[in-house]
Amino acid sequence: FVLATIVAVTLTGMITRSLAGVQHAVQRAASGDLTAQVQVGSTDELGQTGDAVNQLLSSLRGSLTIVSENSAAVASASQQLTAAALEISSGAQEQA
């Protein structure tokens, strides 16, 4: 009975710590910190869940990088179009 209690308490502590690590990383990500990572120390279901969360966060970081790069390209193209429109407008006014 005592051994079973010790094993149960030990397992409960391990599971709780693993879940707390996943929860902490997810909370950080939810607040905008996508650099959060789960420290994975096992290959069981909780470790696999931690790996999956890490992959998810990595994918989100990659997606945001692409969005940021595309936004910069659109802003640059917009500035070029504005400059071209001003140039055309100026030329049209000179001809009139």
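Computed from a prediction, not measured in an experiment: that's the story for all the values here. (Residues numbered from 1 in each chain as written. Predicted model: local features only at pLDDT ≥ 70, side-chain atom pairs only at ≥ 80, totals over all residues. Heavy atoms only, no water.)

1. Digging into the overall build of the chain
Move 1: Regarding its fold elements, the chain presents 2 helices and 0 strands.
Move 2: Here the C-alpha radius of gyration of the chain, 27 Å, is well above what a compact globule of 96 residues would show, namely 12 Å.
Move 3: Considering only C-alpha atoms, the chain reaches an extent of 100 × 20 × 10 Å along its principal axes.
Move 4: Across the 96 residues in the chain, those meeting the buried criterion constitute 12%.
Move 5: Carbon and sulfur atoms make up 62% of the accessible area of the chain, which amounts to about 7400 Å² in all. (Helix = DSSP H or I, 4+ residues; strand = E, 2+ residues; numbered from the N terminus. Rg over C-alpha atoms; globule rule 2.2 N^0.38 Å. Buried < 20%, exposed > 50% of the residue type's maximum accessible area, 1.4 Å probe, protein only. Areas by Shrake-Rupley, 256 points an atom, 1.4 Å probe, with all protein chains shown as cover.)

2. Points about the environment of Ala36
Move 1: Tracing the backbone shows Ala36 in the loop between α1 (2–30) and α2 (45–95).
Move 2: Between the C-alpha atom of Ala36 and that of Ser58, which follows or precedes it by 22 residues, the distance is 9.4 Å.
Move 3: Not counting residues up to four positions away in its chain, the partners in contact with Ala36 are Ala25, Arg28, Ala29, Leu57 and Arg61. (Contact = heavy atoms within 4.5 Å.)

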